[in-house]
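The chain contents come next:
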Amino acid sequence: MPEITFRIVQWQDKPVLRQMLELYQYDMTDFWPQDLNDHGEYGFIGIERYLKNPRLRGYFFLVDGKYAGFGLVDPDVSLPENEFWMGQFFVLKRYRRLGVGRKAAHFMFDQFPGKWEVGQMPLNEPARKFWLHTISDYTGGNFVEHELHDDRWDGFLQCFDNAHIQAARSDA
């Protein structure tokens, strides 16, 4: 059984995160048409904010010490009652369907007790299926899904409050 661990992204990890974001954006081109810039990159904008702002957090997922993916959390929510947004979440193809994504998502949720939202673009049905299953498993089915098509978000949002989950785990 592979060992799955997590590590907070630090400033010195910027080149690794930048490269993984390029892979993420390439992976998303099936659902989100993008062109390369003049340097042959997709050029994720805003990477520095995840490395400088203490309210934002990035995590690497590692399998047996090897990079397997990343997740980015921030407070830039679409619905005002929520607190946390899964900004980006990516598992390298080699590590998909091994439980890495599910374990990573649960780990990240556990780091931030409160009201969450996780979104998927309308055409990204594989991500929606993953998140519906993962969030249902994490919350015991206690979440709400919204479909938005406006200036807040275009796609699906799953919303849940994991503060009660954290309290139940503390009491156990």
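So, here is what we can say about the structure in this document. (Residues numbered from 1 in each chain as written. Predicted model: local features only at pLDDT ≥ 70, side-chain atom pairs only at ≥ 80, totals over all residues. Heavy atoms only, no water.)

Turning our attention to the nonpolar core. Judged by nonpolar contacts, the single largest core of 25 residues is most densely connected at Phe61, Met86, Phe89, Val100, Phe109, Trp116 and Trp131. Sorting the residues of this core by element identifies strand 2 (57-63), strand 3 (66-74), strand 4 (84-91), helix 3 (100-111), strand 5 (115-120) and helix 4 (125-139) as the ones contributing at least two each. The greatest single-element share of this core, amounting to five residues, is contributed by helix 3. Met86 has contacts with Leu72, Val73, Met108, Phe109, Trp116, Glu117, Val118 and Trp131, leaving out every residue within four places of it along the chain. (Core = buried A, V, L, I, M, F, W, Y, C linked by side-chain atoms within 4.5 Å. Buried < 20%, exposed > 50% of the residue type's maximum accessible area, 1.4 Å probe, protein only. Helix = DSSP H or I, 4+ residues; strand = E, 2+ residues; numbered from the N terminus. Contact = heavy atoms within 4.5 Å.)

This paragraph deals with the pattern of salt bridges. When their charged atoms lie close together, side chains carrying opposite charge are able to pair. Under the definition given, this model contains 10 salt bridges. Of the charged contacts, one joins Lys93 and Asp27 as a salt bridge, the two residues approaching to 3.8 Å between their closest N and O atoms. Placement of Lys93 in the loop between strand 4 and helix 3 and of Asp27 in helix 1 (residues 14-28) is noted, with a sequence separation of 66 residues between them. What makes Asp27 buried here is its relative accessible area of 19%. (Salt bridge = Lys/Arg side-chain N within 4 Å of Asp/Glu carboxyl O.)

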